[in-house]
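Survey of secondary and tertiary structure
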Amino acid sequence: MQRQNPEIYEDRVVVRLVQFSVLWAVLGMAAGVWVAAEFLWPTLDFGQFWLSFGRLRPLHTNAVIFGFGVSALMATGFYSVQRTSHVRLFLPGLAWFCCYAWQLVVLLGGLSLLAGWTSSKEYAELEWPFDIAIALIWVCFGIVFFGTIARRRIRPIYISNWFYGGLIIVIAMLHIVNSLALPVTLDKSYSLYAGAQDAIVQWWYGHNAVGFLLTGGFLGMLYYFLPKQADQPIWSYRLSVVAFWAFTYSYIWAGPHHLHYNAVPEWVQSTAMVMSLVLLAPSWATLINGVMTVSKAWAKLKRDPALKFIVLSLAFYGLATFEGPMMAIRSVNVVSHFTDWTIGHVHSGALGWNAMVTYGTFYFLVPRLVGAELHSTRLANLHFVLALAGTLLYILAMWASGVSQGLLWLSVDRLGELSFGFRDIMAGMRPYYGLRLVAGLLFWGGTLLMAYNLFMTLRGRRTVAVSPPPVAEPWRLERGAAGIATERARA
Amino acid sequence: MGRGNMERGPFLTLLFDPARVFRELADAERTRIRAIQRYLPLLLLLPPACAALGGIVFGWRLGASEPLYLGTAQAVIVSLLYLFALCFGFFSTVALARWMGVTYGAEGSYRVYVALFTVVCAPLAVASLAHLFPHVFFNVLVMIPAVIWSMALLYRGLPVVLHIPPERGMLMSSALVGWLLVAAVSLLGISAGLWTAGLGPAIRI
Ligand code: HEM
Ligand code: HEM
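The shown structure was predicted, so the numbers you read here are calculated from the model rather than taken from an experiment.

All names here are of chain A. Running from N to C, helix α1 (residues 12-40) and helix α2 (residues 53-85) cross one another at 155 degrees; their axes reach a closest spacing of 8 Å. On the basis of the axis angle, α1 is roughly antiparallel to α2. Judged by the twist between their axes, the crossing of α1 over α2 is left-handed. Tallied by class, residues from the contact of α1 with α2 come to 22 nonpolar, six polar and two charged.

So this is what it looks like as structure tokens:
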């Protein structure tokens, strides 16, 4: 009956998306661990094409970003937009469609990568049939999300919804523009752009996918779940809104910092560099907002393992958003580009920020969805230690190998010849790749513990039925039968 | 002059009985604070000194077949910059922690903060003896346990010394860890910028 009742939030789709997200986390990170092991033992592909580095690596990135990340964002987006709009999801059936269709695309897309289909555009490797499917599902996601907001019963649109909304609109724009291509066969297409244009469009996409998905989308998660967990309002709501617009404005320009010293006009590179430096301000405004919000909630830390993940995720968010602008400076980038330093930066964001904030949110959310206690707080605490250790070890190893590589690539002897060859340098990096493998195993092990813990929490339980609480007078938005606001109460 | 306290507080207490040091700091024992502060210059000097010596004698081994040598003059300049960066890092951390302390209800004088961070950074400084043999991976291996040790000291010691509940201490320590990560990566970034500008190893762009 729950499905039909318009006065009850549609939370079962949230549970399902969380389950899929955890599944992709386990699988995607397993691929990451495998790829990390191939750096040490290249023969781990056992002569199979589909196990080779070139195919497993995009599988890793797609599974973690689109499987784990986007499923988590859909789940938390659907959950929070209902609560902040005081209304059930718009077209719940369409939300279920998004849920399953998305998983199907990630699954088949992943298999197609293993089969060797690729557009060769990073983070947009999937070929044109998948691109079309993604665009359609994304539009449905937007209809559910914005439809819910349009039918809200409360006047203000809470800040988390701005970030989720930004995620939906900007990713749609980026994906469609970047994927425009001429199909030749089912598994092959040619991009509409060529040469330097292609590069610029690709990194306009690539960087803003980082910006509006891995940063903005997860900030939406943070802005809803952090105040909930801390039982505190956002420290400065005004700051959050200002930061949102500043963030949206500045991110869009920063893409070409991925193309420093490339065949793109120098002014394009310089603009990107300056805008990347500007980005530090809105990024850290949010950081301060988050840190100040939790700072009042310390008493909760004693009982709640979830909050610890969020606290540390803020520290790594601060690191990644500081490191990024610094690496965007051309004289730093000339050393860091083409090295493991970039990989370290990626994973300080991906593990320390994206994964940690999601884990903290899941530990908070899942018990509430089924009205039970978390199966084991001890396991969650152990997971925390593993996640922290794994992240730190990953970053330290990549910093050391990255900086060494940067120096060695560029070293010249007295005659001005390069001092070292590529293969020698890579061979010298083996010890770091060993450390990274250990780090990955720690992090992945923690993720497995979480999967077990959440599974045991969910097992045999039903999603609790929650209905929207009444809205206080000055904020209420009255609606007629058609869902159109009929009467606007003024404060 | 508090000689008596000095005697029961040699350098090793700092490393191996930090709990006692923290309790004494919490009671704001003047002599104790002064005794600890006395180690600070040593701790700040140790890493650059070892780095300079190791770099000149052995050359930096980055994993390739041959070590990278710096000229003596260059090595000294780089080490002086390192010293400067460490001093800046240390005192800015103290200043930042005092500034943050207000939010977390921490109490303690400037000297107490200096002493607290002296204790916290002691394992890192001692581990920097590894710079004497500047093989990067060897240094990483030595530094990782030192980082863990220092972090444990920070999380355990901070709430005791600054008189705040452990949970609040956890938040403040994490905020500081965030800051220290940023400081560490800044050091990398500044180094890279200086190399590009021509200081340090011979690279061509
Ligand atoms: C203000 C924020 C940020 C700025 C300005 C920034 C800047 C940069 C720069 C300059 C690079 C290196 C480009 C190169 O040399 O090829 C990079 C790479 C990357 N960053 Fe960030 N970053 C920021 C935050 C983040 C965050 C929070 C994440 C989250 C996960 C992230 C994920 C990535 C990824 C995935 C790459 C690798 C791209 C590739 O495949 O080459 N960044 N970023
Ligand atoms: C157990 C955890 C993980 C391990 C062991 C791992 C390992 C790896 C490895 C070995 C690479 C290839 C690096 C190279 O080509 O030099 C890589 C790339 C990448 N990983 Fe992970 N990873 C993990 C988790 C994650 C997560 C959770 C995310 C995202 C949310 C992520 C995002 C990425 C991205 C975006 C790249 C491409 C970076 C670039 O092109 O610059 N990883 N990972």
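Back to the write-up after that little detour.
Residue and element names in this part refer to chain A. Within the protein, the atoms that donate to the iron atom of ligand 2 are H60 (NE2) and H347 (NE2), at distances of 2.0 Å. One can describe the donor arrangement at the iron atom of ligand 2 as octahedral, given that its six donor atoms subtend angles of 88 to 179 degrees at the metal. With H60 in helix α2 and H347 in helix α11 (residues 340-370), this pair connects stretches of sequence that are 287 residues apart. This pair shows no difference in class: H60 is buried, exactly as H347 is.

Okay, the site of ligand 2 next. Residue and element names in this part refer to chain A. Near ligand 2 there are 23 residues, and of these F39, R57, H60, E122 and H347 occur at the shortest range. The side chain of R57 places a nitrogen or oxygen atom 2.6 Å from an oxygen atom of ligand 2. Contact distances for ligand 2 include 2.8 Å between a nitrogen atom and a side-chain N or O atom of H347. Of all elements in the fold, only α1, α2, α11 and α14 (430-458) reach the threshold of two or more residues within the shell around ligand 2. Broken down by class, the residue content of the shell around ligand 2 amounts to 14 nonpolar, six polar and three charged.

Residues and elements named next belong to chain A. Residues in contact with ligand 1 amount to 27 residues; listed here are only the nearest, E122, Y123, N333, H337 and H345. H337 has a polar side-chain atom sitting 2.6 Å from an oxygen atom of ligand 1. In the environment of ligand 1, a nitrogen atom lies 2.9 Å from a nitrogen or oxygen atom belonging to the side chain of H345. For the shell around ligand 1, the secondary-structure elements that each account for two or more residues are α6 (195-230), α8 (266-295), α9 (305-327) and α11. Tallied by class, residues from the shell around ligand 1 come to twelve nonpolar, 14 polar and one charged.

Residues and elements named next belong to chain A. Under the criterion given, the structure shown has ten salt bridges over all chains. Between E10 and R12 there is a salt bridge whose closest N-O contact spans 3.8 Å. E122 is the salt-bridge partner of R57, the closest N and O atoms lying 3.3 Å from each other. Taken as a pair, R57 in helix α2 and E122 in the loop between α3 (92-114) and α4 (128-150) lie far apart in primary sequence, 65 residues in all. With a relative accessible area of 31%, R57 lands in the partly exposed category. Each member of the salt-bridge network shares a partner with another, and the members are E10, R12 and R88.

All names here are of chain A. Inspection of every chain in the model, using the stated rule, returns 38 aromatic pairs over all chains. Here the aromatic cluster, defined as three or more aromatic residues joined through ring pairs, consists of W162, F163, F212, Y223, F244, W245, F247 and Y251. The ring of Y79 carries R83 above its face, with NZ or CZ at 3.8 Å from the centroid. Over the ring of Y261 we find R330, and its NZ or CZ is 4.5 Å from the ring centre.

Right, let's talk about the coordination of the iron atom of ligand 1 for a bit. Looking at the iron atom of ligand 1, one finds just one donor atom contributed by the protein, A:H345 (NE2), at 2.1 Å. Topologically, A:H345 is positioned in helix α11.

All names here are of chain B. For chain B, mean pLDDT is 86; residues scoring 70 or higher make up 94% of the total. Every residue in residues 1-8 scores below 50 in pLDDT, and together they form ten contacts with partners more than four places removed in sequence or on other chains. In the predicted complex, the global pTM is 0.94; the interface-specific ipTM is 0.90.

Here we take up the pairing of strand β1 (residues 181-185) of chain A. All names here are of chain A. Sheet topology places β1 next to strand β2 (residues 188-191); four bridges connect them, and they run antiparallel. Looking across to β2, one finds that A181 is bridged to S191. Remark: two residues form the turn of the hairpin made by β1 and β2, two consecutive strands paired antiparallel.

Our next topic: helix α12 (residues 377-410) of chain A. When the terminal C-alpha atoms of α12(A) are compared, their 49 Å separation across 34 residues agrees well with the 50 Å that a helix rising 1.5 Å per residue should span. For α12(A), a buried count of 25 out of 34 residues is recorded, marking the element as mostly surrounded by other parts of the structure.

Definitions and cut-offs
Residues numbered from 1 in each chain as written. Chains lettered and ligands numbered in written order. Predicted model: local features only at pLDDT ≥ 70, side-chain atom pairs only at ≥ 80, totals over all residues. Heavy atoms only, no water. Axes fitted to C-alpha atoms, helices over the stretch in contact; angles between N-to-C directions. Helix = DSSP H or I, 4+ residues; strand = E, 2+ residues; numbered from the N terminus. Parallel < 35°, antiparallel > 145°, perpendicular 65-115°, else oblique. Left-handed = near helix turned anticlockwise from the far one by under 90°. Nonpolar A, V, L, I, M, F, W, Y, C, P; charged D, E, K, R; others polar. Donors = N, O, S within 2.8 Å, 3.2 Å for Na, K, Ca; no water. Tetrahedral: all angles 85-135°; square planar, octahedral: opposite > 155°, others 65-115°. Buried < 20%, exposed > 50% of the residue type's maximum accessible area, 1.4 Å probe, protein only. Near = heavy atom within 4 Å. Polar contact = N/O pair within 3.5 Å; in protein donor to acceptor, adjacent residues only side chain to side chain. Salt bridge = Lys/Arg side-chain N within 4 Å of Asp/Glu carboxyl O. Phe/Tyr/Trp six-rings, centres within 6.5 Å; stacked < 30°, edge-to-face > 60°. Lys NZ or Arg CZ within 6 Å of the ring centre and 35° of its normal. pLDDT = per-residue confidence, 0-100. Contact = heavy atoms within 4.5 Å. Pairing = 2+ DSSP bridges. Expected span 1.5 Å × (residues − 1).

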